[in-house]
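A look at the structure
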Amino acid sequence: MHARTISVTLLAAAALGACGRTDQPLTGADRTPVGPRAAPLAPVCVYFNVPPLGAVFGAPVATPPGTVVWVENGIPVSVQKFLLIGGGSAFNWLQIANVPGAFTLGAGKAGHYNNINTSFDFTGLGFAPKAVTFNFYDQGGYENLLVNTSAVYIGPITTPPSPMGGANVSVASAAVFGGVQGTVKIDGAPVYRVMVGGQEFWVDNVCAYP
């Protein structure tokens, strides 16, 4: 859905913005202060490309809930407990796997979820995302979704409430062989954190837009 290459210039801008420095260097004969770096022009994304293919996080490898398991393009990704409809929680596994053939909204590697959530933290990007999108492939069961500081929604990913955490949530989806695939879009207010997960669930291309 989105290009998987982000220029060194954009990465550098995001990194400098994340530092939050006020002592910017002076340049030129008039020693004019250099202002804050501009936000990148392209979205900043988690493509599930940092961990190696086949990597597993969660209970099978004794990953504690809340652990940041990788950082991709300045976005920390942590594993979290999955809330159950009947009450209580589960914490099973997330695996980095090749996108299944039926999932046409992604390519290469993606996250395969089994009763686990991942949280994506956008606070260190140096800009407040105006929108966040992600692609999903749902093969059964139900999902969790949290935006900013909202309560956790428990139910089908295709019918989340809106707004959540002050932001609008919309879903475009279609039935495919073996399940439902689609895109979740969160916008209308700054998005600082998204948590999502499922039971027989795939996620790819989690993108924050400046």
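It should be noted that the structure appears before, not after, this text.
The present account deals with the structure reproduced in this document. The numbers attached to residues start from 1 for each chain and follow its sequence in the written order. Residue-level local features of this predicted model are given only where pLDDT is at least 70; pairs of side-chain atoms are given and counted only at 80 or more, and the full residue set underlies all totals for whole chains, interfaces and linings. To obtain the side-chain values, all non-hydrogen atoms of the structure were included, while hydrogens and water were left out.

**Quick word on the packing of aromatic side chains**
Stacked, edge-to-face and tilted labels apply to pairs of Phe, Tyr and Trp rings (six-membered ring for Trp) whose centres lie within 6.5 Å, assigned for plane angles under 30 degrees, over 60, and everything in between, in that order. In the structure shown here, the tally under the stated rule is 7 aromatic pairs. Judged by centre distance (6.3 Å) and plane angle (75°), the rings of Phe48 and Phe120 are edge-to-face. Pair noted here: Phe48 is in the loop between β3 (44–46) and β4 (56–58) and Phe120 is in strand β11 (residues 116–121), with a separation of 72 residues, a long-range link. Looking at Phe48, the relative accessible area reads 0%, which means it is buried. A centroid spacing of 5.8 Å and a plane angle of 20° characterise the contact between Phe103 and Tyr137, whose relative ring orientation is stacked. On the criterion of sequence distance, the pair formed by Phe103 in the loop between β9 (93–98) and β10 (109–114) and Tyr137 in strand β12 (residues 131–147) is long-range, its members being 34 residues apart. For the residue pair Phe103 and Tyr137, the accessibility class agrees, reading buried in each case. Through a chain of ring-to-ring contacts, the aromatic side chains of Phe48, Phe57, Trp70 and Phe120 assemble into a single cluster. Per the convention used, a helix needs a DSSP run of H or I reaching at least four residues, while a strand needs a run of E reaching at least two, with both numbered from the N terminus. With a 1.4 Å probe rolled over the protein chains alone, any residue whose accessible area is under 20% of its type maximum counts as buried; one over 50% counts as exposed, and the rest are partly exposed.

**Remarks on the side chain of Asp138**
Counting through the fold element by element, Asp138 comes out in strand β12. The class for Asp138 is buried, based on a relative accessible area of 13%. Only 3.0 Å separates the side chain of Asp138 from the backbone nitrogen of Gly140, close enough to count as a polar contact. Note on contacts: a residue pair qualifies if any of its non-hydrogen atoms lie within 4.5 Å across the two residues. What Asp138 contacts, discounting residues up to four positions off in sequence, is Glu143, Ile157, Gly178, Gly179, Val180, Glu200 and Phe201. Polar contacts, as counted here, are pairs of nitrogen or oxygen atoms within 3.5 Å of one another; within protein the pair requires one atom able to donate a hydrogen and one able to accept it, and residues that are adjacent in sequence qualify only if both atoms are side-chain atoms.

**Observations concerning the state of the cysteines**
When the sulfur atoms of two cysteines come within 2.5 Å, that pair is taken as a disulfide. Within this structure, the stated rule accounts for 1 disulfide. Each sulfur in the disulfide pair Cys45 and Cys207 lies 2.1 Å from the other. Given an S-S torsion of about 110°, the disulfide between Cys45 and Cys207 has right-handed geometry. Here the residue Cys45 occupies a position in strand β3, and Cys207 occupies one in strand β16 (residues 193–209), the gap between them amounting to 162 residues. Of the two residues, Cys45 and Cys207, both sit in the buried class.

**Examining the pattern of salt bridges**
Salt bridges are defined by distance alone: a side-chain nitrogen of Lys or Arg within 4 Å of a carboxyl oxygen of Asp or Glu. By the definition in use, this model includes 1 salt bridge. The salt bridge involving Asp187 is made with Lys185; its shortest N-O contact spans 3.6 Å. Residue classification places Asp187 among the partly exposed positions, given a relative accessible area of 22%.

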